Amino acid sequence: MPDATGVHNSLESRPRATDGTYNSLWDTWLIPRVDGQFSGTTDEIIQWAACKWGLSDNLIRSVAVRESTWFQGLHYTDGQCYWNRGCGDAISSADSSTQVFCDGLATFGHDYQTDANSTAGPYPWSTPKQGMCPKTFSILGEMAWWSPTWGYNYAGNQDGTFPFSRDSTAFAADFYGSQIRGCYNGYQWELGSAYKSAPNDLWGCVGAWYSGSWHDSAGDAYAGRVQTELSNHTWLQSSFGPNTGQYQCDAVKGCPK
């Protein structure tokens, strides 16, 4: 369970919209409610976040299946992530801004720029490289990276989430719940005119979490995949257990934990 003051201070430091691109309630009411103050099993945490934000617990379970197969932060003893099991999307190309970002991550216990490829859970790149590191973390795939070129007039920018998103399942679930609630409530004006006319569209919000756009093809396809997990109740299937090939041990690094 993370330090609540640390969470609030980190999220408070996010760049705020000053040009009316999203509802100010996002900054003044929604984000200040995020604190990650719960402890329990993974499923109890999911239930808590669902209750706090007025969402379906099975929705959050289904998203967790897609994003991480319920692994908050599977990693080897040296700190390297087991890819797509807590670390997700990666920086695709290095430049001076990704160098600053990756150097910043390195101050929180592990320098991902030094990670070599592994035989199990391999990184998208084959050799260590400066300015290359994960950009999403947690059981629900929260993005710690925000390119300076994108500007800050987006309610959905996820600055301030690291290292809480990596280290705390409760924070990850709490933050995810806040984002879907804010979108559903109609606060995320930057998603466009179609969103403004009909914001209370849950699956549109689930898709926007993935793509950053309102009902684009990528977001709708993602929402469809989440709906499949929801329909199948994948997390209740015997094939979903941790000892059914969900991860393997590496010849050099050993078994992740």
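Here the structure is shown first, and the text comes after it.
Residues numbered from 1 in each chain as written. Predicted model: local features only at pLDDT ≥ 70, side-chain atom pairs only at ≥ 80, totals over all residues. Heavy atoms only, no water.

So, about the packing of helix 3 (residues 42-53) against helix 4 (residues 57-68). Direction vectors running N to C along helix 3 and helix 4 enclose 125 degrees, while the axes themselves pass 8 Å from each other. For the element pair helix 3 / helix 4, the angle class is oblique. When you trace helix 3 past helix 4, the crossing you get is right-handed. Of the residues in helix 4, those touching helix 3 at D43, I46, Q47, A49 and A50 are D57, I60 and R61. The class makeup of the residues in the contact of helix 3 with helix 4 is four nonpolar, one polar and three charged. (Axes fitted to C-alpha atoms, helices over the stretch in contact; angles between N-to-C directions. Helix = DSSP H or I, 4+ residues; strand = E, 2+ residues; numbered from the N terminus. Parallel < 35°, antiparallel > 145°, perpendicular 65-115°, else oblique. Left-handed = near helix turned anticlockwise from the far one by under 90°. Contact = heavy atoms within 4.5 Å. Nonpolar A, V, L, I, M, F, W, Y, C, P; charged D, E, K, R; others polar.)

Position of Q246 among the secondary structure elements: in the segment after helix 10 (217-232). A polar contact is formed between the side chain of Q246 and the side chain of T69, at a distance of 3.1 Å. Side-chain polar atoms of Q246 contact the backbone oxygen of F240, separated by 2.5 Å. Excluding its chain neighbours within four sequence positions, the residues that come into contact with Q246 are T69, F71, Y82, R85, S239, F240 and G241. (Polar contact = N/O pair within 3.5 Å; in protein donor to acceptor, adjacent residues only side chain to side chain.)

Right, let's get into helix 7 (residues 169-185). Taking 1.5 Å per residue as the helical rise, helix 7 with its 17 residues ought to reach 24 Å, and the 24 Å between its terminal C-alpha atoms agrees with that figure. Extensive coverage of helix 7 is indicated by the burial of 15 of its 17 residues. For helix 7, the capping residue at the N-terminal end is S168, with a side-chain oxygen 3.4 Å from the backbone nitrogen of A170. Just past helix 7, the residue G186 takes up positive phi, approximately 95 degrees. (Expected span 1.5 Å × (residues − 1). Buried < 20%, exposed > 50% of the residue type's maximum accessible area, 1.4 Å probe, protein only.)

Bringing the nonpolar core into the picture now. Soluble globular proteins tend to pack their nonpolar side chains together in the buried interior. Counting residues in each nonpolar core, the largest one holds 45 residues, and the members touching the most others are W70, L140 and Y176. Elements supplying a minimum of two residues to this core: helix 1 (4-12), helix 2 (25-30), helix 3, helix 4, helix 7, helix 9 (202-211) and helix 10. In terms of residues, this core owes the most to one element, helix 7, which gives eight residues. Beyond its immediate chain neighbours, meaning those up to four positions away, Y176 contacts I60, V63, L140, E142, V206 and W209. Grouped together as the second largest cluster of nonpolar side chains are 17 residues, C81, C102, Y112 and A144 included. (Core = buried A, V, L, I, M, F, W, Y, C linked by side-chain atoms within 4.5 Å.)

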